[in-house]
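# Examination of the molecular architecture
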Amino acid sequence: MTYNQDLIETIISDQVHNELHSIQDFLRWTYSTFNRADIYYGHGYDNAWDEALQLVFATLDLPIDFPPEFYAANLTRTEKEVLLRSVIQRIEKRIPVAYLTKQAWFCGLNFYIDERVIIPRSPISALIQTGFAGLLKTEPKRILDMCTGSGCIAIACAEQFPESEVDAVDLSADALSVAEINIERHNMLNRVYPIQSDLFNDLPKDQYDLIVSNPPYVDIEDLADMPEEFQHEPEIALGSGVDGLNITKRILAAAPDYLTDDGILVCEVGNSMVHLIEQYPQVAFNWLELKNGGLGVFAITKGELVKHNALFQ
């Protein structure tokens, strides 16, 4: 029997069910149980406490800022059973909390999430929350979110720039169905527009002040080494060839045709930044320092893209 299986045997025992009563009991116990389990944190949270908070409050349909003075409130038997079942799934099946609760936070906004899309966690959130300070000459009116997934980046950009319109593009019809749920949830039906397209292939030659993209970028080596939690996410949204740059290179090749003269492309490539730097040493990628500590996000001007366009073809 593995260590995780030992934990599960303990969880399903009558003792645990009978001794846990309040929200506070479940927060403490879930935190301790996650700390003892062999699970990986990397889907919006990096520690057991934050995952415990999100799991307990979201499962109970409570806000994350629920007043502590009510933590002593007792739970019903049904609520306890649902929580215990979720903890078991997190440990036994290594399902990320966002998929268990069907929600995730991004830029301070709550999004519906299921296994048709990857879980929002892009460090681009730090740039959105500062209005892409230092990168844009004027506030953008037209924004393109390429590889939108759940629509979180598109919606967060629309929230940050209230005068803008945002096109949210993805190849996956399943992903766009999730994005549509979130667009409606955040009252963005008249400002954020989901579009199915294989990158730029099916888009009209529109001009955008800002193109933002969190494309698939995991290289083949990292994809093979990813913890089990990532296997619940759609592989189409993670891997992108041997060097992780297949999609990014296509974006770099086509982006200048869709940018205004002062427009910029902001793109996340994660660990595959090393491959991008090695393959294009002559290109002036502006690698951004992010306040949330993320790496592998660059900004590049239309002028620089045009200058080196032949390299990306």
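The notes below deal with the structure included here. Computed from a predicted model, the values in this text were never measured in an experiment.

The rules we used
By convention here, each chain's residues receive numbers from 1 onward along its written sequence. Given that the model is predicted, a residue must reach a pLDDT of at least 70 before its local features are reported, and side-chain atom pairs must reach 80 or more before they are shown or counted; all residues, however, enter totals for whole chains, interfaces and linings. No hydrogens and no water enter the side-chain calculation; it runs on all heavy atoms of the structure. Labels follow the DSSP assignment, with helices taken as runs of H or I lasting at least four residues and strands as runs of E lasting at least two, numbered in each case from the N terminus. The reference for a compact globule is 2.2 Å times residues^0.38; the radius of gyration itself is calculated from the C-alpha atoms. The contact definition used throughout considers only heavy atoms, calling two residues in contact when any of these lie within 4.5 Å. Residue exposure ignores everything except the shown protein chains as possible cover, and the areas themselves are Shrake-Rupley values with a 1.4 Å probe. For every residue, the accessible area (1.4 Å probe, protein chains only) is compared with the maximum for its type, and the residue is labelled buried under 20%, exposed over 50%, or partly exposed between those bounds. For this analysis, a polar contact is any N or O atom pair within 3.5 Å, provided that within protein one partner can donate a hydrogen and the other can accept it, and provided that sequence-adjacent residues contribute only side-chain to side-chain pairs. One requirement defines pairing of two strands: DSSP has to find at least two bridges between them. In this analysis, axes come from line fits to C-alpha atoms, helices being fitted only over the stretch in contact, and the angle between any two N-to-C directions falls in the range 0 to 180 degrees. Two cysteine sulfur atoms form a disulfide, by the criterion used here, when they sit within 2.5 Å. Ring pairs are drawn from Phe, Tyr and Trp, using the six-membered ring of Trp, whenever the two centres fall within 6.5 Å, and their geometry is named by plane angle: stacked under 30 degrees, edge-to-face over 60, tilted for the rest. Within this scheme, the nonpolar core is defined by two criteria: the residues are buried Ala, Val, Leu, Ile, Met, Phe, Trp, Tyr or Cys, and they are joined through side-chain atoms within 4.5 Å. In a helix, the anticipated span is given by 1.5 Å times the number of residues less one.

When helices and strands are counted, the protein chain shows 14 helices and 9 strands. Over its C-alpha atoms the protein chain spans a radius of gyration of 21 Å, differing by no more than 12% from the 20 Å that the globule rule assigns to 313 residues. Its C-alpha atoms give the protein chain principal-axis dimensions of about 70 × 40 × 35 Å. Counting contacts in the protein chain only where the partners sit at least 6 residues apart, residues at least 24 apart contribute 70% of the total. Accessible area for the protein chain stands at about 14500 Å²; split by element, carbon and sulfur atoms hold 49% of it.

When you line up the elements, Gln54 lands in helix H4 (residues 48-59). Under the relative-accessibility criterion, Gln54 is labelled buried at 3%. Separated by 3.4 Å, the side chains of Gln54 and Trp105 make a polar contact. For Gln54, the contacting residues outside a window of four places in its chain are Tyr45, Thr59, Ile64, Val97, Thr101, Gln103 and Trp105.

With that out of the way, let us pick up the sheet that holds strand S9 (residues 297-301). Spatial ordering of the open sheet is given by S5-S4-S3-S6-S7-S9-S8, a layout of 7 strands whose pairing is mixed. Both edges of this open sheet fall to strand S5 (192-196) and strand S8 (286-287), since each of them pairs with a single strand only. Alignment of S8 against S9, held across 2 bridges, turns out to be antiparallel. Within S9, the position partnered with Trp287 by the bridge is Phe298. Of the strands in this sheet, strand S4 (165-170) and S5 touch helix H9 (residues 173-185), which is tilted by about 170° from S5.

Once that is clear, we can look at unusual backbone geometry. The residue Lys102 is not glycine, and still its phi comes out positive at about 65°. Overall, Lys102 belongs to the partly exposed group, its relative accessible area being 36%. Positive phi values are uncommon outside glycine, yet Cys107 reaches one of about 55°. Note on placement: Cys107 falls in the loop between strand S1 (103-106) and strand S2 (109-112).

The next subject is the state of the cysteines. Each disulfide is one covalent bond, formed between the sulfur atoms of two cysteines. Counted under the stated rule, the structure contains 0 disulfides. Between Cys157, a cysteine without a disulfide, and Cys107, which holds the nearest cysteine sulfur, the sulfur-to-sulfur distance is 7.6 Å. By relative accessible area, Cys157 is classed as buried at 1%.

Okay, the packing of aromatic side chains next. Between two aromatic rings, the relevant description is the distance of the centres plus the angle of the planes. Counted by the stated rule, this structure contains 12 aromatic pairs. Seen from their ring centres, Phe285 and Trp287 are 5.9 Å apart, and the 45° between their planes marks the pair as tilted. Judged by its relative accessible area of 10%, Phe285 falls in the buried class. Exposure remark for Trp287: the relative accessible area of 24% places this residue in the partly exposed category.

Turning next to the pairing of S9. Counting buried positions along S9 yields 4 of 5 residues, so the element is predominantly enclosed. Two strands pair when backbone bridges link them, and strand S7 (residues 259-268) and S9 are joined in this way by 5 bridges, in the antiparallel orientation. Across the sheet, the residue bridging to Val266 is Ala299, located in S9.

Time to look at the nonpolar core. Of all hydrophobic cores here, the largest spans 68 residues; its most connected members are Ile128, Phe132 and Val266. Looking at which element gives the most residues to this core, the answer is helix H8 (residues 152-160), with 7 residues. Every residue in contact with Val266, bar those within four places of it in the chain, is listed here: Leu127, Phe132, Leu135, Leu210, Ile211, Val212, Ser213, Val297, Phe298 and Ala299. Counting 35 residues, the second-largest nonpolar core is a separate cluster that includes Leu203, Ile211, Val218 and Phe312.

Another point: the environment of Ile155. Within the secondary structure, Ile155 sits in helix H8. Sequence spacing of Ile155 and Val297 is 142 residues, and the spatial spacing of their C-alpha atoms is 19 Å. Once residues within four sequence positions are removed from consideration, Ile155 is found in contact with Leu109, Phe111, Asn182, Ile183, His186, Met188 and Val192.

On to helix H5 (residues 77-92). Across its 16 residues, H5 extends 22 Å between first and last C-alpha, which sits within 8% of the 22 Å expected from 1.5 Å per residue. Taken as a whole, H5 has its buried residues at Lys80, Leu83, Leu84, Ser86, Val87, Ile88, Arg90 and Ile91. Directly beyond the C-terminal end of H5, a positive phi value near 55° is found at Arg94.

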